[in-house]
Each structure stands twice: as structure tokens, then as C-alpha cells.
Amino acid sequence: MLMEIADGIATITLNRPKALNALNTAMLNELKEAVLAAEAAVEAAVLIITGAGEKAFVAGADIAQMRELTTLEGRRMTMLGQEVFQIIENIEKPVIAAVNGFALGGGCELAMACDIRIAAENAKFGQPEVNLGIIPGFGGTQRLPRLIGRGRAKYYILTGEMIPAAAAFELGLADRVVKAGELLEVCREVAGTIAGKAPVAVRMAKRAINRGLDVDLASGVAYEAEAYTTAFSTADRVEGMSAFLAKRAAAFQGK
Ligand code: DAK
């Protein structure tokens, strides 16, 4: 796992390119540590998660490791993956998946746990677990239907068919598709744009969207009112509105 922080952006690179960055237990633990470190780092406002090499974001959970696991160990691995992905989903800072190639199985699930997915033209998503006698175990049966609807999610999970980047964009699984050579640059641009906004507002918006998708509409809008109030109580709210009226750029302080 590699992590660098520059210009307010933490970039985490899953670094096992020879195995197409397949996730084993050690990598899941390292990913968890890296994400928690980035969340704690005051100099980072946004995270980018990507894969090393030009071929894969993450080609899934490590099949070689999974084949040897007992049922109980398999359950522990699922729980670990689910825990790490829930951390990514629920940390306050926004997380962008820079999908630089295959995002299959656990790789697709990792991308879906991120807030935004930007894909290279050559990226391929998919949940091919049924080929292996298993089902998605890191949240795929839950996050894919929430993102693309239950019919399409069942189609892709039951067939295991791969989803090329352009189709992923049409489905709402990828939020942008860009040239492979420009992927990280575009992700940094988007991260930089978000990093320039009022930090508490960005975090409250992420939280309100996440919470709202888990509850009924009335509870969701009630939660939105609380998150809104938190953003409204910041000095940055006064600064943002004053800057607009004075026709100048806002200088946000994250409080
Ligand atoms: N695990 C381990 N090694 C992998 C791998 C994976 N998921 N994917 C690729 N590799 C390795 C290959 O074995 C190969 O290794 P060497 O032979 O060079 O030693 C190397 O990466 C390069 O791969 P290929 O030679 O296959 O490359 P190709 O371009 O020909 O094909 C491919 C690329 C992405 C289409 C192909 O590699 C592929 O189909 N990979 C497997 C995709 C897949 O099925 N992924 C797993 C999805 S299942 C759970 C926990 C987790 C989950 C579920 C349950 N519990 C514990 C209960 C989630 C599971 C999944 O993610």
C-alpha cells in the first residue's frame, strides 16, 4: 500500500500489480490503516484510492488465498472487507475511486464504497463471484442495487458479465469516464475542486446523503435539516455568503 499526501489530497495506491492488486487479508488491513491515517491527517481534505499498474484497479479478493480458507476464516475475511469498506463510506472526508482498469468482485465493491467513481476508458467493472461458487461478500449485493437499481444489479450479479466503462457510466456506476493517461490528473482536479469548498459543508452533505439512503424520506429530510444546521453554524457559512456578496473568493477555514 502506498500513500502520499500533496496539495490537500491523500492518494492511496493498492500496490500488488502482479496479481492485479487482488485483495488479501494483509492488503485489507493495510488499506484500513491507510484510510484511517488519511482521515486523521489535517493536511488532507480528500482521498483518492487507485490501483498500481495500468491493467487493474483491483481484480477482486485474492482467489488463491480464498480457496484455502475454512468457512470460519472466510467469514472473518468477509467481515474484515465489509468493515474496511464501511469505514471508507463513513469517514468524513470524501473519497474518489480512480478506477484505472479491472474493478471486479471486491474491486467493484471497493469502488462502490467510495463517494465518486472516475473511470479510465479501459476500465471494466463487474461482480463475477458466481463463476467461483460464491456471491459478492464485501457489500456488492447491497451497494450495486442502490447505485444502478435492482433489475440491472441482478442482471450483472447473476450473469457475472463485465461492465465496460462507457456502459458503467450509462448505468450510474461510473460518474465520469476519462482517457487512461489523464485519470489521475482528472481525479486530482476533482479532488482539488472539492478541497476548495467549505469543509464542514462537504462533510455534512456526504453524511446526509449516506444517512438518507438508509432511511425513509421523512427521516432523511429530518437528518438533512440537522446536517444543514451544522453547516449553517460555521464561520465558513458567513465567509462564503460574504464572499459572494463582495464578489471575491471565499477563504474557508473548516470551522
Ligand atoms: N486473485 C488472485 N490472483 C489474481 C486475481 C484474483 N482475483 N485476478 C488476477 N490474478 C492474477 C492471475 O492469477 C495472474 O497471476 P499469474 O498467473 O501471473 O501468477 C495475474 O493476476 C494476471 O492475471 P491474468 O493472467 O488472469 O490476466 P488476464 O489479462 O488474462 O485476465 C482478468 C485479467 C481480470 C480478466 C482475470 O485475471 C480474472 O478473471 N481475474 C479474476 C477476476 C475475479 O473473478 N475476481 C474475483 C471476484 S470474487 C468473501 C470475500 C470476498 C468476496 C466474496 C466472499 N468471503 C471470504 C466469503 C469477494 C470475492 C471476489 O472478489
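Residues numbered from 1 in each chain as written. Predicted model: local features only at pLDDT ≥ 70, side-chain atom pairs only at ≥ 80, totals over all residues. Heavy atoms only, no water.

(A) The state of the cysteines, seen in detail. Tallied over the full model, the rule gives zero disulfides. Of all cysteine sulfurs in the structure, the one in Cys187 sits closest to Cys114, which takes part in no disulfide; the separation is 10 Å. For Cys114, a relative accessible area of 4% gives the class buried. (Disulfide = S-S within 2.5 Å. Buried < 20%, exposed > 50% of the residue type's maximum accessible area, 1.4 Å probe, protein only.)

(B) Quick look at unusual backbone geometry. Positive phi, normally seen in glycine, also occurs at Asn21, with a value near 60 degrees. You can see Asn21 is positioned in the loop between strand S2 (9-14) and helix H1 (25-40). Phi is positive for Lys247, close to 55 degrees, though the residue is something other than glycine. Residue position: Lys247 is located in the segment after helix H11 (235-245). Residue Lys247 is classed as exposed on the basis of its relative accessible area of 78%. (Helix = DSSP H or I, 4+ residues; strand = E, 2+ residues; numbered from the N terminus.)

(C) Quick look at the packing of H1 against helix H3 (residues 71-90). Here H1 crosses H3 at 20 degrees, and the two axes come no closer than 10 Å. In terms of orientation, H1 and H3 fall into the roughly parallel class. The crossing of H1 and H3 is left-handed. On H3, the residues touching Thr25, Leu28, Asn29, Leu31, Lys32, Val35 and Leu36 of H1 are Met77, Leu80, Gly81, Glu83, Val84, Phe85, Ile87 and Ile88. (Axes fitted to C-alpha atoms, helices over the stretch in contact; angles between N-to-C directions. Parallel < 35°, antiparallel > 145°, perpendicular 65-115°, else oblique. Left-handed = near helix turned anticlockwise from the far one by under 90°. Contact = heavy atoms within 4.5 Å.)

(D) View of the packing of aromatic side chains. For the coordinates displayed, the defined rule picks out three aromatic pairs. Measuring from centroid to centroid gives 5.5 Å for Phe85 and Phe138, while their planes differ by 75 degrees, and the two rings are edge-to-face. A residue pair is termed long-range when its members are at least 10 positions apart, and Phe85 in helix H3 and Phe138 in the loop between strand S8 (124-126) and helix H5 (140-148) qualify at 53 residues. Seen from their ring centres, Tyr228 and Phe232 are 5.6 Å apart, and the 20 degrees between their planes marks the pair as stacked. Taken together, the positions of Tyr228 and Phe232, both in helix H10 (residues 217-232) and four residues apart, correspond to about one turn of that helix. On the basis of relative accessibility, which here comes to 53%, the residue Tyr228 falls in the exposed class. (Phe/Tyr/Trp six-rings, centres within 6.5 Å; stacked < 30°, edge-to-face > 60°.)

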